[in-house]
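# Descriptive analysis of the structure
Chain residues, written in single-letter form:
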Amino acid sequence: AQSVSQHNHHVILSEAASLELGCNYSYGGTVNLFWYVQYPGQHLQLLLKYFSGDPLVKGIKGFEAEFIKSKFSFNLRKPSVQWSDTAEYFCAVKRPGGSYIPTFGRGTSLIVHP
Amino acid sequence: EAGVVQSPRYKIIEKKQPVAFWCNPISGHNTLYWYLQNLGQGPELLIRYENEEAVDDSQLPKDRFSAERLKGVDSTLKIQPAELGDSAVYLCASSLDGNTEAFFGQGTRLTVV
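The sections below set out a description of the structure shown in this document. Because the structure is a prediction, the values reported are computed rather than measured. (Residues numbered from 1 in each chain as written. Chains lettered and ligands numbered in written order. Predicted model: local features only at pLDDT ≥ 70, side-chain atom pairs only at ≥ 80, totals over all residues. Heavy atoms only, no water.)

Right, let's talk about the state of the cysteines for a bit. Evaluation of the coordinates by the stated rule reveals two disulfides over all chains. Residue Cys23 of chain A pairs covalently with Cys91 of chain A via a disulfide, S to S 1.9 Å. Handedness here is read from the sign of the S-S torsion; for Cys23 of chain A and Cys91 of chain A, about -65 degrees, the answer is left-handed. Of the two residues, Cys23 of chain A is situated in the loop between strand E3 (19-21) and strand E4 (24-25) and Cys91 of chain A in strand E10 (residues 87-94); the sequence distance between them amounts to 68 residues. When its relative accessible area of 1% is taken as the criterion, Cys23 of chain A is described as buried. Covalently, Cys23 of chain B is tied to Cys92 of chain B through a disulfide, its sulfur atoms 1.9 Å apart. Judged by the torsion about the S-S bond (-70 degrees), the Cys23 of chain B/Cys92 of chain B disulfide is left-handed. Separated by 69 residues along the polypeptide, Cys23 of chain B in strand E3 (residues 19-24) and Cys92 of chain B in strand E9 (residues 88-95) bring together distant segments of the chain. (Disulfide = S-S within 2.5 Å. Helix = DSSP H or I, 4+ residues; strand = E, 2+ residues; numbered from the N terminus. Buried < 20%, exposed > 50% of the residue type's maximum accessible area, 1.4 Å probe, protein only.)

Turning to the packing of aromatic side chains, a few remarks are in order. All names here are of chain A. Following the criterion strictly, the structure yields 13 aromatic pairs over all chains and no others. Relative to Tyr36, the ring of Phe34 has its centre 6.3 Å away and its plane inclined at 35 degrees; by these criteria the two rings are tilted. The two residues Phe34 and Tyr36 agree in class, both being buried. The interplanar angle of 50 degrees and the centroid separation of 5.5 Å between the aromatic rings of Tyr36 and Phe104 together place this pair among those described as tilted. Here Tyr36, found in strand E5 (residues 32-38), pairs with Phe104, found in strand E11 (residues 103-104); they are 68 residues apart in sequence, far enough to count as distant. Note on accessibility: Tyr36 and Phe104 belong to one class, buried. (Phe/Tyr/Trp six-rings, centres within 6.5 Å; stacked < 30°, edge-to-face > 60°.)

See the structure below:
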């Protein structure tokens, strides 16, 4: 079974700082990768996803993530964060195929100070 | 387009009482998931449905938890009897099929006292 590690549990930044959240997974085969965001009081929303093709994926709100197969990583980045980016961020991995389910990391809490 | 709808949003019950959660997935989505999210943790799968069939329920504590998805649309998750350790957020999600991304509801926050 695959597992997902998010090493940064809490991140505090000032506005305009750059962001990188780490995500590593354990499965060695082909994977689908996701980043979800949960704003305070709201539901989990998909930020971006990787299924195949260009390993640099661009998502909503200026976020991007890079799939590095050799490092089993899918780190989330944003060059300049805003106060409104304060939220919980979850990385998820899924093996391709309908019989597999997404497995989530424990999440990273991001606080951006204005 | 309406998203995944869950009710209730919040529920407080005494231990040993029963409780039920309801989920209406996005129209046309065949796959439905129930996840459990404890404080400071990521969602953990309880059960997955493909249409009306439960295809992955290995993480569902079957002695007290049950779920159903009649007619392959709405789903209910029940706990009977509830224990203190069941306090958590119960999330419902749906996807077009097992190969596409999941869309989540707002969850039901259960507090067992």
